[in-house]
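Observations on the model geometry
Okay, here's what each chain looks like letter by letter:
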Amino acid sequence: MRAVVQRVLSARVAVDGEVVGAIDGPGLLAYVGVTHTDGDKEVAWLARKLWELRILRDEQSASDVGAPILVVSQFTLYGDARKGRRPTWQAAAPGPVSEPVYEAVCAELERLGAQVERGVFGADMRVESVNDGPITLVLETA
């Protein structure tokens, strides 16, 4: 599993012009990509890492201050553009595999105590954010 996580002052995601998930105030925006072999172990690791990662101001985590997390599915994190001009998506799990894993990450974050906002899996989304720092990290399960 891969995630790109950004420290944000605010973020929102809209589908067909309607805001479906938003955070106002400091928090995290996490784009999450799923590959074919991801399962419960990767879900638990990523959710805990997002919740406890100390990248907010004063080296605090979302768990320290109760900061919200906006989670957006992003299969293109597994795009491979090393050859040619068109990326391949072979490493990205197909929707029937990746959607339950994405939902499990969100559910595990909620179980840990996070306020989770979401995009809409598989939708054409418009994401807006105000990055803070900026701080952007790539997380990858082993």
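This text goes with the structure placed above it.
Note that this is a predicted model, so its numbers are computed, not measured. (Residues numbered from 1 in each chain as written. Predicted model: local features only at pLDDT ≥ 70, side-chain atom pairs only at ≥ 80, totals over all residues. Heavy atoms only, no water.)

Some words on the side chain of Glu42
- For Glu42, the location among the structural elements is in helix H1 (residues 40-52).
- Buried and unpaired, Glu42 has no salt bridge, with Lys41 as the nearest side chain of opposite charge at 5.5 Å.
- Here Glu42 is in contact with Met1, Thr37 and Thr141, once residues within four sequence places are set aside. (Helix = DSSP H or I, 4+ residues; strand = E, 2+ residues; numbered from the N terminus. Buried < 20%, exposed > 50% of the residue type's maximum accessible area, 1.4 Å probe, protein only. Lys, Arg positive; Asp, Glu negative; His and termini not counted. Salt bridge = Lys/Arg side-chain N within 4 Å of Asp/Glu carboxyl O. Contact = heavy atoms within 4.5 Å.)

Focus on the sheet that holds strand S5 (residues 125-140)
- Spatial ordering of the open sheet is given by S4-S3-S2-S1-S5, a layout of five strands whose pairing is mixed. Each end of this open sheet is capped by a strand with a single partner; those strands are strand S4 (116-118) and S5. The mean inter-strand angle of the sheet, taken between neighbouring strand axes irrespective of direction, is 30°.
- Where strand S3 (residues 69-73) meets S4, three bridges bridge the pair, whose relative direction is parallel. (Pairing = 2+ DSSP bridges. Axes fitted to C-alpha atoms, helices over the stretch in contact; angles between N-to-C directions.)

Quick notes on H1
- For H1, which comprises 13 residues, the first-to-last C-alpha distance of 18 Å matches the rise-based estimate of 18 Å (1.5 Å per residue) to within 8%.
- Among the residues making up H1, those that are buried are Glu42, Val43, Leu46, Ala47, Leu50 and Trp51. On an axial view of H1, the arc spanned by its buried residues comes to 155°, and they lie on one face. (Expected span 1.5 Å × (residues − 1). Arc of directions from axis to C-beta.)

Observations regarding the layout of surface pockets
- Within this model, the largest pocket holds a volume of roughly 300 Å³.
- If you go around the largest pocket, you meet 20 residues; those closest to its centre are Ser73, Gln74, Phe75, Gly122 and Met125.
- For the lining of the largest pocket, the secondary structure elements donating two or more residues are strand S2 (18-33), S3, helix H3 (95-112) and S5.
- Residues that form the lining of the largest pocket fall into these classes: twelve nonpolar, seven polar and one charged. (1 Å grid on protein atoms, 1.4 Å probe; cavity = no way out; pocket = protein on both sides within 12 Å on 5 of 7 lines; lining within 4 Å. Points joined across faces, edges and corners; volume = space filled by probe spheres on them. Nonpolar A, V, L, I, M, F, W, Y, C, P; charged D, E, K, R; others polar.)

With respect to the side chain of Gln6
- Inspection of the secondary structure puts Gln6 in strand S1 (residues 2-15).
- Side-chain polar atoms of Gln6 contact the side chain of Thr136, separated by 3.4 Å.
- Setting aside anything within four residues of it in sequence, one finds Gln6 in contact with Gly27, Leu28, Leu29, Tyr31, Ser129, Asn131, Ile135 and Thr136. (Polar contact = N/O pair within 3.5 Å; in protein donor to acceptor, adjacent residues only side chain to side chain.)

With respect to the pattern of salt bridges
- What the rule picks out here adds up to eleven salt bridges.
- Salt-bridge contacts for Arg82 lead to Asp80; the nearest nitrogen and oxygen are separated by 2.6 Å.
- Given a relative accessible area of 73%, Arg82 falls into the exposed group.
- Put simply, Arg111 and Glu108 hold a salt bridge, and the shortest N to O gap is 2.8 Å.

Points about the packing of aromatic side chains
- All told, the structure shown has two aromatic pairs when counted by the stated rule.
- Aromatic pair Phe75 and Trp89: ring centres 5.2 Å apart, planes at 70°, arrangement edge-to-face. Note that Phe75 is positioned in the loop between S3 and H3 and Trp89 in the loop between S3 and H3, a separation of 14 residues in sequence.
- Judged by relative accessible area, which is 48%, Phe75 ranks as partly exposed. (Phe/Tyr/Trp six-rings, centres within 6.5 Å; stacked < 30°, edge-to-face > 60°.)

Quick look at the pairing of S3
- For S3, the tally of buried residues reaches five of five residues, placing the bulk of the element in the interior.
- Covered by surrounding structure in S3 are Ile69, Val71 and Ser73 together with Leu70 and Val72, the residues of both alternating faces.
- Judged from the five bridges that link them, S2 and S3 form a sheet pairing that is parallel. Its bridge partner being in S3, Leu29 is matched across the sheet by Leu70.
- With respect to chirality, the unit in which S3 leads through H3 into the neighbouring parallel S4 is right-handed. (Right-handed = clockwise from strand over helix to strand, strands pointing away.)

Just geometry here; none of it tells us what the structure is for.
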